[in-house]
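Descriptive analysis of the structure
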Amino acid sequence: MKSSDSSPYSEPGNSVAELILLYQFSNTMLSTIRLNKLTHLILTAITTPSSNLFERAALFMRNEKSDVLQGMLGITRRLEADLQIVGDEDILGSRWDLSDETISRQRATYFSMHVRQTRIDIDDSCALIHQIFSERKPCRSDENICHHCQTCRFIKALCNGAFVAIPLVCHDKTIGMIVVDNPDTGREISNVSMTFLRLFANQAGMAIENSMLYSRIEEAHLNLKDARERLKHGERMAAIGEMAANLVHELKNPLVTIGGFAGRLLKSLPVETQQHHYADTIVSEACRLEKMLADILAFSRKPTICFSACDLKEIIQDCLTNCATTFEDHNIKVSLSDDSCSSIVSGDAHQLKQVFLNLILNACDVMQEGGELLFTLTQKEVAPDKKTIIVCVEDSGGGIQKEIMPQIFNPFFTTKNHGTGLGLAIAHRIIINHFGTIDVHSSANGAVFTVSLPLVA
Ligand SMILES: Nc1ncnc2c1ncn2[C@@H]1O[C@H](COP(=O)(O)OP(=O)(O)OP(=O)(O)O)[C@@H](O)[C@H]1O
Ligand SMILES: [Mg+2]
């Protein structure tokens, strides 16, 4: 590698030298597909002392979404050469290169940062923008530049004097713009340099577009890889879920037998004996395990819903009747207030009952020492001819801690010693499958679960 300052092709006007320079530019642009390095190479090549074209260059790229020109990079000529020649044996086969350290230094200059902070609206009423974007032609500062629009004023301020703006065109579309000037010497921009820039800009536009396409393909490839990993993970989880469901199914039958025989044993043993106590423990533990297995099975099975018209009020009344002894045991006062005219929803009565039973059991768990459980049914018109029924289940059990609120609907999240953590997860899934919603609010008084379901018209 050697410094490019020793290049003999530094005299614009000498057409062989210019052709070789152009060839070198082209070799350089083909040498990388990394957009960042490519933009640095492009701007350094046209500002390097050896090419002797311009003293400063700024690159702006078009943002298709917001339709603005976004400043990408600004480079000022330095006396020491930044470019290094690679493969200098055969000058036609040689190209330039930049070290990573030079790239970082170039990005950190004041001019580059200033350019990067720049956004220019692509406003066709501005003569410069019109010429660059609609006519796809270069524009000199002494040409028909309008005097009052923001766009021109900005570029003028950026360049402080004479400048040339040239479009970067690819597939008949302006994808960006390079602005060049000579702020150090104030030297006029010659027609030769201008022609050279036009020849160069076409190649640069194509190289940048290719590089951006490559970045997009790379990003899409990464996304695809990510999606494939997630799919694989999902398949693995589904397999584990199926295995767990099979296992649970196999465990359920012997458990029912154990519970049944323990129950018989319990009846045959004299009360208040140690043996009676042992049998009683087996019965209650078998019952708990049976419920747990039933919950896991319900959660792991693919849900099938038999939709039919069912009365939500009746379902709730049913649940309350089922839990009457629990209410009595725990001294819980239950009330139901009903403002809704109709409570007919389309759904699976058995599954909906499971939702309210889970909410009631949770409320009973937090009101062991007594309390109040209030059911409120109201109707809401969400759209003309579209009504929902809202059921609020309010307890006085002291509420849910703020930290655990985001987790309570997660499967297997529980704060109870004997809980499975599936009650709310199952309730949530059932309600979502019924096109409804379930929410929770909590205060120091207690928790309020709100279930809303579409009413049958
Ligand atoms: N009404 C409530 N008041 C206070 N905390 C509640 C209430 N309902 C639910 N929780 C909290 O949410 C957690 C999750 O409830 P969920 O019903 O999903 O599981 P669980 O009751 O712990 O176990 P499972 O219902 O499977 O037997 C509970 O452990 C509890 O901490
Ligand atoms: Mg529960």
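Structure shown above.
In what follows, the accompanying structure is described. (Residues numbered from 1 in each chain as written. Chains lettered and ligands numbered in written order. Predicted model: local features only at pLDDT ≥ 70, side-chain atom pairs only at ≥ 80, totals over all residues. Heavy atoms only, no water.)

Quick notes on the environment of Cys139
- Secondary-structure assignment places Cys139 in strand E7 (residues 139-140).
- Take Cys139: its relative accessible area is 0%, and that puts it in the buried class.
- As for Cys139 and Ala165, which are separated by 26 residues in sequence, their C-alpha atoms are 5.2 Å apart. (Helix = DSSP H or I, 4+ residues; strand = E, 2+ residues; numbered from the N terminus. Buried < 20%, exposed > 50% of the residue type's maximum accessible area, 1.4 Å probe, protein only.)

Observations regarding the sheet that holds strand E13 (residues 371-383)
- The strand order across the open sheet formed by 5 strands is E11-E13-E14-E16-E15, and the pairing between neighbours is mixed. Strands at the two margins of the open sheet, each flanked by one partner only, are strand E11 (332-338) and strand E15 (437-442). Recorded for the sheet is a direction-independent mean angle of 20 degrees between the axes of neighbouring strands.
- Of the pairings in the sheet, the one linking E15 to strand E16 (residues 447-454) comprises 6 bridges and is antiparallel in character. By the bridge assignment, Ile438 is partnered in E16 with Val451.
- Along the sheet, helix H11 (residues 349-366) makes contact with E11, E13, strand E14 (386-395), E15 and E16, crossing E14 at roughly 25 degrees. (Pairing = 2+ DSSP bridges. Axes fitted to C-alpha atoms, helices over the stretch in contact; angles between N-to-C directions. Contact = heavy atoms within 4.5 Å.)

So, the site of ligand 1
- Looking at ligand 1, there are 20 residues lining it, with Asn362, Asp395, Thr414, Thr415 and Lys416 nearest.
- Here Asp395 contributes a side-chain N or O atom positioned 2.9 Å from a nitrogen atom of ligand 1.
- A distance of 2.6 Å is found between an oxygen atom of ligand 1 and a side-chain nitrogen or oxygen belonging to Lys416.
- Its free accessible area being 600 Å², ligand 1 has 94% of it covered by the protein chains.
- Because more than half of its atoms lie within 2 Å of the grid, ligand 1 is assigned to the largest pocket.
- Of all elements in the fold, only H11, helix H12 (423-433) and E16 reach the threshold of two or more residues within the shell around ligand 1.
- Taken together, the residues of the shell around ligand 1 break down into 9 nonpolar, 8 polar and 3 charged. (Near = heavy atom within 4 Å. Polar contact = N/O pair within 3.5 Å; in protein donor to acceptor, adjacent residues only side chain to side chain. Areas by Shrake-Rupley, 256 points an atom, 1.4 Å probe, with all protein chains shown as cover. 1 Å grid on protein atoms, 1.4 Å probe; cavity = no way out; pocket = protein on both sides within 12 Å on 5 of 7 lines; lining within 4 Å. Sits in = over half its atoms within 2 Å of the grid points. Nonpolar A, V, L, I, M, F, W, Y, C, P; charged D, E, K, R; others polar.)

Digging into H12
- Residues of H12 that are buried: Gly423, Leu424, Ala425, Ile426, Ala427, Ile430 and Ile431.
- Buried-residue contacts for H12 involve helix H8 (274-300), H11, E15 and E16.
- Looking one or two places after H12, you find Phe435, whose phi comes out positive at around 65 degrees.

Some points on the environment of Arg301
- As for its placement among the helices and strands, Arg301 is situated in the loop between H8 and strand E10 (308-311).
- Taking the relative accessible area as the measure of exposure, Arg301 reaches 48% and is therefore partly exposed.

What about the nonpolar core?
- In terms of nonpolar packing, the biggest core is built from 46 residues, with Leu312, Leu352, Phe356, Ile360, Leu373 and Phe375 touching the most fellow members.
- Of the residues forming this core, the biggest block, 7 residues, is contributed by H11.
- Here this core gathers at least three residues from each of two domains, domain 2 (230-300) and domain 3 (308-454).
- Ile42, Phe54, Ile85 and Ala207 belong to the second-largest nonpolar core, a separate cluster that totals 38 residues. (Core = buried A, V, L, I, M, F, W, Y, C linked by side-chain atoms within 4.5 Å. Domains from an automatic or database assignment.)

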